[in-house]
Amino acid sequence: MIIAVTYQDGQVFQHFGHSEAFKLYQVEAGEIRSAVLVMHGDKAHSCYFSKDAFAKLTGDNKELLLIPGAVHTDLYDRTDVIPFDKLVDFFQKNLK
């Protein structure tokens, strides 16, 4: 699994919505080998962060999941908005 960690000024940064960069782990020879799921609310002011990060990924094992109508904080605890079925599908497919 790939882990994207917010990163700023050479350090791990504590707030996902206020960071302009991500540190990606599990990279081999400059490429991410494991499956990547990038999820963001399509109405979030920071949605472009995820779109930009996704555009930099290579390979066919990546997925961009934009949640219609969701803003930045909706994916924290709004269980009616979080697409649990999509998350389960992704993890069942890729965590073997």
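Residues numbered from 1 in each chain as written. Predicted model: local features only at pLDDT ≥ 70, side-chain atom pairs only at ≥ 80, totals over all residues. Heavy atoms only, no water.

**Some details on the pattern of salt bridges**
Inference 1: Applying the stated rule across the entire model yields two salt bridges.
Inference 2: R78 is the partner of D74 in a salt bridge, and the nearest nitrogen-oxygen pair spans 3.3 Å.
Inference 3: Judged by its relative accessible area of 10%, D74 is buried.
Inference 4: The class of R78 is partly exposed, set by a relative accessible area of 34%.
Inference 5: Put simply, D80 and R78 hold a salt bridge, and the shortest N to O gap is 2.7 Å. (Salt bridge = Lys/Arg side-chain N within 4 Å of Asp/Glu carboxyl O. Buried < 20%, exposed > 50% of the residue type's maximum accessible area, 1.4 Å probe, protein only.)

**Structural notes on the environment of K51**
Inference 1: Relative to the elements of secondary structure, K51 occurs in helix α1 (residues 47–56).
Inference 2: A relative accessible area of 41% places K51 in the partly exposed class.
Inference 3: With 14 residues separating them in the primary sequence, K51 and L65 have C-alpha atoms 9.8 Å apart.
Inference 4: Leaving out residues up to four positions away in the same chain, K51 has contacts with L64 and L66. (Helix = DSSP H or I, 4+ residues; strand = E, 2+ residues; numbered from the N terminus. Contact = heavy atoms within 4.5 Å.)

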